[in-house]
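Residue strings, one per chain:
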Amino acid sequence: MRILADTNVLLDVVTKREPFFDDSVKIFDLCEKKIIVGSIASISIVNMAYILRKDFPLKKLHEIFFDLCDIFYIESVDFKKLIAALANDDFNDFEDCLQLQCAKSFRADFIVTRNVKDFAASEIPAVTPEDFLKLLSPPRTA
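Residues numbered from 1 in each chain as written. Predicted model: local features only at pLDDT ≥ 70, side-chain atom pairs only at ≥ 80, totals over all residues. Heavy atoms only, no water.

Undergrad: Looking at this model, I keep getting lost on helix α3 (residues 42-52). Mind explaining?
TA: What sets the pattern is the α-helix's 3.6 residues per turn: residues three or four places apart point alike. All of the buried residues along α3 are Ser 44, Ile 45, Met 48 and Leu 52. With its buried residues spanning 100° around the axis, α3 presents them on a single face. The exposed residues of α3 that point more than 90 degrees off its buried face are Val 46 and Tyr 50. Packing partners of the buried residues in α3 comprise α1 (7-14), β2 (37-41), α4 (58-71) and α6 (94-106). (Buried < 20%, exposed > 50% of the residue type's maximum accessible area, 1.4 Å probe, protein only. Helix = DSSP H or I, 4+ residues; strand = E, 2+ residues; numbered from the N terminus. Arc of directions from axis to C-beta. Contact = heavy atoms within 4.5 Å.)

Take a look at the structure:
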């Protein structure tokens with residue numbers, strides 16, 4: 001199974017944001033153990049650098065980003081993806097549309113995000129970390 005993890009899921013783990021940390025860190029663990037194949041959009045690194053610049057020293061940010069590069073495949077935003085996102089009128093948020101373009105290029109089965117509603121027009125299903133983990137768990141029998 002292949003996923004693209006949205007920036008908010010990455011931030012949940014890096015900032016240990018509750019109550020979202022536990023499910024999001026499980027996604028990281030599954031990717032690190034290669035149980036699932038995880039990717040992130042390169043724009044997520046840029047966005048995180050901007051968001052976290054006041055909370056972490058530059059050296060720590062670099063360590064975090066190197067760790068992300070070890071866990072996830074990085075799907076770059078290139079000319080083709082940029083033009084496709086610009087041409088897509090179904091998304092209100094340009095950054096989310098870029099995430100979708102990266103997920104499509106990666107051939108992701110799911111986009112894992114806490115903002116599922118932002119991906120309503122996505123041809124790749126968007127699920128929360130909690131719901132994604134439920135998809136992986138076999139149903140319990142009585």
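Let's pick the thread back up.
Undergrad: What should I look at first to understand the packing of aromatic side chains in this one?
TA: Centre-to-centre distance and the angle between the planes together describe a pair of aromatic rings. Under the defined criterion, the tally for this structure stands at four aromatic pairs. Where Tyr 73 meets Phe 106, the ring centres are 6.0 Å apart and the plane angle is 40°; that geometry is what we call tilted. Here Tyr 73 is found in strand β3 (residues 73-75), whereas its partner Phe 106 is found in helix α6, with 33 residues between them in sequence. Taking the centre distance of 6.1 Å and the plane angle of 75° together, the rings of Phe 91 and Phe 119 count as edge-to-face. With Phe 91 in the loop between α5 (79-87) and α6 and Phe 119 in the loop between β4 (110-112) and β5 (126-127), this pair connects stretches of sequence that are 28 residues apart. Assigned by exposure class, Phe 91 and Phe 119 land together as buried. Just above the ring of Phe 20 sits the side chain of Arg 114; from NZ or CZ to the centre is 3.8 Å. (Phe/Tyr/Trp six-rings, centres within 6.5 Å; stacked < 30°, edge-to-face > 60°. Lys NZ or Arg CZ within 6 Å of the ring centre and 35° of its normal.)

Undergrad: Explain the pairing of strand β1 (residues 2-5) to me, please; I cannot follow it from the model alone.
TA: The side chains of a regular strand alternate between the sheet's two faces. Bridging between β1 and β2 involves three bridges; their strand directions are parallel. Note that in β2 the partner of Ile 3 across the bridge is Gly 38. Pairing of β1 with β4, which is carried by three bridges, proceeds in the parallel orientation. Directly across from Ile 3, in β4, lies its bridge partner Phe 110. (Pairing = 2+ DSSP bridges.)

Undergrad: Hey, could you run me through the packing of helix α2 (residues 21-32) against helix α7 (residues 129-136) in this one?
TA: Think of two packed helices as two axes; the pair is described by the angle between the axes and how far apart they sit. With their axes 8 Å apart at the nearest point, α2 and α7 run at an angle of 50° to one another. With respect to α7, the axis of α2 lies oblique. Handedness of the α2/α7 crossing: left-handed. Taken together, the residues of α7 that come into contact with α2 (itself represented by Asp 23, Ser 24, Lys 26, Ile 27 and Leu 30) are Pro 129, Glu 130, Phe 132, Leu 133 and Leu 136. When the residues that make up the contact of α2 with α7 are grouped by side-chain class, the tally is six nonpolar, one polar and three charged. (Axes fitted to C-alpha atoms, helices over the stretch in contact; angles between N-to-C directions. Parallel < 35°, antiparallel > 145°, perpendicular 65-115°, else oblique. Left-handed = near helix turned anticlockwise from the far one by under 90°. Nonpolar A, V, L, I, M, F, W, Y, C, P; charged D, E, K, R; others polar.)

Undergrad: It is not clear to me how the side chain of Thr 113 should be interpreted in this structure. Could you clarify?
TA: With respect to the helices, strands and loops of the structure, Thr 113 is situated in the loop between β4 and β5. Within the structure, Thr 113 has its side chain in polar contact with the side chain of Asp 6 (distance 2.8 Å). Setting aside its immediate chain neighbours within four residues, Thr 113 contacts Asp 6, Asn 8, Val 9, Phe 119, Ala 126, Val 127, Thr 128 and Pro 129. (Polar contact = N/O pair within 3.5 Å; in protein donor to acceptor, adjacent residues only side chain to side chain.)

Undergrad: Looking at this structure, I do not really get the pattern of salt bridges. What am I missing?
TA: A side chain of one charge can pair with a side chain of the opposite charge when the charged atoms of the two come close. Scanning the entire structure with this criterion turns up ten salt bridges. With a closest N to O distance of 3.2 Å, Asp 29 and Lys 33 form a salt bridge. Residue classification places Asp 29 among the partly exposed positions, given a relative accessible area of 32%. You can call Lys 33 exposed: its relative accessible area is 54%. Notably, a salt bridge pairs Asp 118 with Lys 117, separated by 3.8 Å at the nearest N-O pair. For Lys 117, a relative accessible area of 66% corresponds to the exposed category. When salt bridges with common partners are traced through the structure, they connect Asp 12, Arg 17 and Arg 114 into a single cluster. (Salt bridge = Lys/Arg side-chain N within 4 Å of Asp/Glu carboxyl O.)

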